[in-house]
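Okay, here's what each chain looks like letter by letter:
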2 protein chains.
Amino acid sequence: MTAQTERRPYRREGEEKRREGLIAAAMELVAEGGPEAATVRAIAARAGVTPGLIRHYFQSKEELTHAAYRQVMEDMTAEAMRACDAIPESDPVSRLAAFIAANFRPPVMTTRSVGVWAGYMHLGRNDPTMHAIHEATYLAYRDRLQSLIAALPRPADPARDRRDAIACNGLIDGLWIEGGSLPDGFAKGEILRIALDGTAALLGIRFPDSFYPDPSDRKPA
Amino acid sequence: MTAQTERRPYRREGEEKRREGLIAAAMELVAEGGPEAATVRAIAARAGVTPGLIRHYFQSKEELTHAAYRQVMEDMTAEAMRACDAIPESDPVSRLAAFIAANFRPPVMTTRSVGVWAGYMHLGRNDPTMHAIHEATYLAYRDRLQSLIAALPRPADPARDRRDAIACNGLIDGLWIEGGSLPDGFAKGEILRIALDGTAALLGIRFPDSFYPDPSDRKPA
DNA sequence: CGGTGAATTATACAAGTGGACAATAAATTG
DNA sequence: CAATTTATTGTCCACTTGTATAATTCACCG
């Protein structure tokens, strides 16, 4: 047992690959065991690498944490934007529906991504960089939502659009957290249906049935 | 510097006082610096006590954490219920409004309480006891909300009430988190107004003006 | 008063943390 | 093919963590 463990084989890898691998390892560990599980040793082991290498690619563990958090947040809003951009601008209601619906399907609404978000979120309270990332990604998401709302066929009113965007964003966030942290508490597709009905009610519009989950037992309005 | 630090004076205190003091200290530290700041030494120092005493009142630090989390959650729902119970049952709309509004004033919506919630929430992912507390308090809150919704003057429909409760709960949670984590991003009373307007829209009702914040610049429906 | 036991303090410890740094292996360059 | 540089590994360290336990102080009871 006290025998010298044999040296890990020297494996050279591309710089980008290594950075991504370390970030992905950190995210996985945070998702699985919270931030306290994402130690330098655990991250290195998960990435198939020696702990010392982390400091070669990141000036500190904190810097790796920032990179991972930024990636998590940007990935999620990028996913929603991608779904939205698949719909032509001539149909603003469907664009909004696609944007909203994307938040309640994998890869956005999973226990994993909600877990990562939950693990990192409290770090924004004291770490100024984390707070800045949080604020920037939150506002970017909400601005995008507001622009989709402003494109709806209704009288222009920026103040109202802002309030509606805040409300819709709150509803989306709350349902996303609940669906992700208590996945067994809801029927399949239930959260998505509630989110679409809810945002439609908030905005006084109606979304096409095609964005709702399959077993279409929606009640009439 | 290496001089012997003088012994802390022996201060005897009631058992309840000590437990509450330790729980309060843990909550404060989590609110200020996240869970990693709530070490046994820091908690003891904040409570004006020696680290060893924690293990005299709690079998482990984990047990103290559970107690503190339970207290945080129960305090918040109790506050909302208290506000609600101040309104007679003959006015179900106002009772619901009072319940909702209580969530967007101190002591419920403060950076402190949102910070504690954020600091603890991810612990529910691996610790079964924390998960149970999370689920129990969440469901207790939502059930209360659902019963308030069911009391509204409208046709009885339990399935619809459930969906409405989930939606309203999501909106409340989302707005509460955003208002608490980005307190400078919103005007005074803005979140409360959006929450009342939002839940009213979700439920197809209208809340009395008296529950809205003072500078009443509400737009007509 | 003297003794018993609980409440409180102080000390000690094993395990784990992030970080510094030297040793090594491979790629690159001349 | 030698020299240099860079990527990667392994070792070490000072520090913190939660916990175990011994030493104190004090209230209470005979």
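All figures in this text were calculated on a predicted structure; none of them were measured in a lab.

S.K.: If you had to explain the protein's contact with DNA strand C to someone new, which residues and values would you point to?
M.R.: Among the 24 residues in the neighbourhood of DNA strand C, the closest are listed as Arg55 and Lys61 of chain A together with Arg7, Arg8 and Tyr57 of chain B. Among atoms of DNA strand C positioned within 4 Å of the protein, sugar and phosphate together represent 71%. Here a phosphate oxygen of DNA strand C and a side-chain polar atom of arginine 18 of chain B are 2.7 Å apart. Between DNA strand C and histidine 56 of chain B there is a distance of 3.0 Å, counted from a phosphate oxygen to a side-chain nitrogen or oxygen. Elements represented by at least two residues in the surface near DNA strand C include exactly helix H2 (40-46) of chain A together with helix H3 (51-57) of chain B. Considering every element that reaches the surface near DNA strand C, the biggest residue donor is H3 of chain B, with four residues. Per-class residue counts for the surface near DNA strand C are six nonpolar, six polar and 12 charged.

S.K.: Please give an account of the interface of chain A and chain B that cites residues and values.
M.R.: Facing 43 residues of chain A, the contacting portion of chain B comprises 43 residues. Summed over both partners, the interface of chain A with chain B comes to about 3500 Å²; 63% of that surface belongs to carbon and sulfur atoms. For the chain A face of the interface with chain B, the top three residues by lost area are His122, Arg125 and Leu182 of chain A, together amounting to 17%. Across the chain A-chain B interface, the total number found is two salt bridges. Linking glutamate 190 of chain A and arginine 162 of chain B is a salt bridge whose minimum nitrogen-to-oxygen distance equals 2.8 Å. For the interface between chain A and chain B, the tally reads nine residue pairs in polar contact (both at pLDDT 80 or more). For the side of chain A that touches chain B, the secondary structure elements donating two or more residues are helix H1 (15-33), helix H6 (111-121), helix H7 (128-150), helix H8 (158-181) and helix H9 (190-203) of chain A. Element by element, the count of residues in the side of chain A that touches chain B is highest for H8 of chain A, at 13 residues.

S.K.: Report on the relation of the copies chain A and chain B, specifying residues and quantitative values.
M.R.: Overlaying chain A on chain B yields an RMSD of 0.1 Å, the required transformation being a rotation through 180° with an accompanying axial translation of 0.0 Å. Put plainly, the chains are arranged around a two-fold axis. Interface overlap between copies is the fraction of interface residues in one copy that are interface residues in the other; for chain A against chain B it reaches 100%, indicating a shared surface.

S.K.: Can you break down the pattern of salt bridges residue by residue, with the values?
M.R.: Counted under the stated rule, the structure contains 24 salt bridges over all chains. The closest approach of N and O atoms between arginine 46 of chain B and glutamate 32 of chain B, which form a salt bridge, is 3.0 Å. Highlighted residues: arginine 46 of chain B in helix H2 (residues 40-46) and glutamate 32 of chain B in helix H1 (residues 15-33), separated in sequence by 14 residues. Judged by relative accessible area, arginine 46 of chain B falls into the partly exposed class, the value being 37%. On the accessibility criterion, glutamate 32 of chain B (44% relative accessible area) is partly exposed. Each of Arg154, Arg160, Asp161 and Asp164 of chain A takes part in one network of salt bridges that share partners.

S.K.: Any details on the protein's contact with DNA strand D? Residues and values, ideally.
M.R.: What surrounds DNA strand D is a group of 24 residues, the closest being Arg8, Arg18 and Tyr57 of chain A together with Arg55 and Lys61 of chain B. At the protein interface, 71% of the atoms of DNA strand D within 4 Å belong to sugar or phosphate. Arginine 12 of chain A places a side-chain nitrogen or oxygen 3.1 Å from a sugar or linking oxygen of DNA strand D. Within the backbone of threonine 50 of chain A, one N or O atom sits 3.0 Å away from a phosphate oxygen of DNA strand D.

Definitions and limits used
- Residues numbered from 1 in each chain as written.
- Chains lettered and ligands numbered in written order.
- Predicted model: local features only at pLDDT ≥ 70, side-chain atom pairs only at ≥ 80, totals over all residues.
- Heavy atoms only, no water.
- Near = heavy atom within 4 Å.
- Polar contact = N/O pair within 3.5 Å; in protein donor to acceptor, adjacent residues only side chain to side chain.
- Helix = DSSP H or I, 4+ residues; strand = E, 2+ residues; numbered from the N terminus.
- Nonpolar A, V, L, I, M, F, W, Y, C, P; charged D, E, K, R; others polar.
- Contact = heavy atoms within 4.5 Å.
- Buried area = accessible area lost by both parts, 1.4 Å probe.
- Salt bridge = Lys/Arg side-chain N within 4 Å of Asp/Glu carboxyl O.
- Least-squares fit on C-alpha atoms with pLDDT ≥ 70 in both.
- Buried < 20%, exposed > 50% of the residue type's maximum accessible area, 1.4 Å probe, protein only.

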